[in-house]
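Structural description and commentary
Below, each chain spelled out in residue letters.
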Amino acid sequence: MFVVAACAIGVAMVLTFIRLCTGPTLYDRVAAVNAFGTETVLLIGVIGFLTGRPDFLDIALLYALINFVGTIAILKFFRYRAIGDPVTAGSPDGSRGERIRS
């Protein structure tokens, strides 16, 4: 049964990769990358059950967290063109002053 699940996840990953390559918009591609990461987490979990190594679930959970944070970072970058806080003029801590526009 787990072998069938692994094959189905593999097929879903191929279809998601096709969507990633042909997505008409940037947000479709980001959603495809997120879905591909989720399917990878599922595949790692299934492989862990197939091989009898439950420590793969820890790896899958870590990969899921990295996938989530990475997706949020990519979306923030494409929206604001920066990952960190905006640079402000004035004091070094940015407590006053106006935004510097580039």
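In short, a report on the structure. As the structure is a computational prediction, the values presented were derived from the model and not from experiment. Numbering of residues begins from 1 in every chain and follows the order in which that chain's sequence is written. In keeping with the predicted nature of the model, local features appear solely for residues at pLDDT of at least 70, side-chain atom pairs appear and are counted solely at 80 or more, and the whole-chain, interface and lining totals rest on all residues. Side-chain measures here rest on the full set of heavy atoms in the structure, leaving out hydrogens and waters.

1. Some points on a nonpolar patch on the surface
The residues that make up patches have over 30% relative accessible area and no salt bridge, and they are joined within 9 Å when like-charged or within 5 Å when they are Val, Leu, Ile, Met, Phe, Trp or Tyr. Calculation of accessible area relied on Shrake-Rupley with a 1.4 Å probe; when residues are assessed, cover is drawn exclusively from the protein chains displayed. Throughout this description, the term salt bridge denotes a Lys or Arg side-chain nitrogen within 4 Å of a carboxyl oxygen of Asp or Glu. A cluster of nonpolar side chains, contributed by Phe 2, Val 3, Phe 49, Leu 50 and Leu 57, occupies part of the molecular surface with about 460 Å² of accessible area. Mapped onto the nonpolar patch, the elements with two or more residues apiece are helix H1 (2-22) and helix H2 (26-51). Only runs of H or I of at least four residues qualify as helices and only runs of E of at least two qualify as strands under DSSP, and these elements are numbered from the N terminus.

2. Remarks on the packing of aromatic side chains
Pairing of aromatic rings covers Phe, Tyr and Trp, the last through its six-membered ring, and needs centres within 6.5 Å; plane angles under 30 degrees mean stacked, over 60 mean edge-to-face, and all others mean tilted. Applying the stated criterion across every chain, the model contains two aromatic pairs. When the centroid spacing of 5.4 Å and the interplanar angle of 5 degrees are considered together, the rings of Phe 2 and Phe 49 count as stacked. Within this pair, whereas Phe 2 is found in helix H1, its partner Phe 49 is found in helix H2, the two being separated by 47 residues in sequence. Ring geometry for Phe 77 against Phe 78: centres 5.6 Å apart, planes inclined by 65 degrees, an arrangement best described as edge-to-face. Each residue is assigned to one of three classes by its accessible area relative to the maximum for its type, calculated with a 1.4 Å probe on protein chains only: buried under 20%, partly exposed between the two thresholds, exposed over 50%. Residue class for Phe 77 comes out partly exposed when judged on its relative accessible area of 35%.

3. Notes on H1
For an α-helix, 3.6 residues make a turn, and residues three or four places apart therefore share a direction. Multiplying 1.5 Å by the residue count of a helix minus one yields the expected span of that helix. For H1, spanning 21 residues, the distance from its first C-alpha to its last is 30 Å, which sits close to the expected 30 Å at 1.5 Å a residue. Looking at H1, one finds that the buried residues are Ala 6, Ile 9, Met 13 and Thr 16. One side of H1 carries all its buried residues, which in axial view fall inside an arc of 80 degrees. Those residues of H1 that are exposed and aimed more than 90 degrees away from the buried face are Val 4, Val 11, Val 14, Leu 15 and Thr 22. Lining the buried residues of H1 we find H2. In this description, one arc is meant: the one made by directions from the helix axis to the C-beta atoms. Residue contacts follow a heavy-atom distance rule, with two residues in contact if any of their heavy atoms lie within 4.5 Å.

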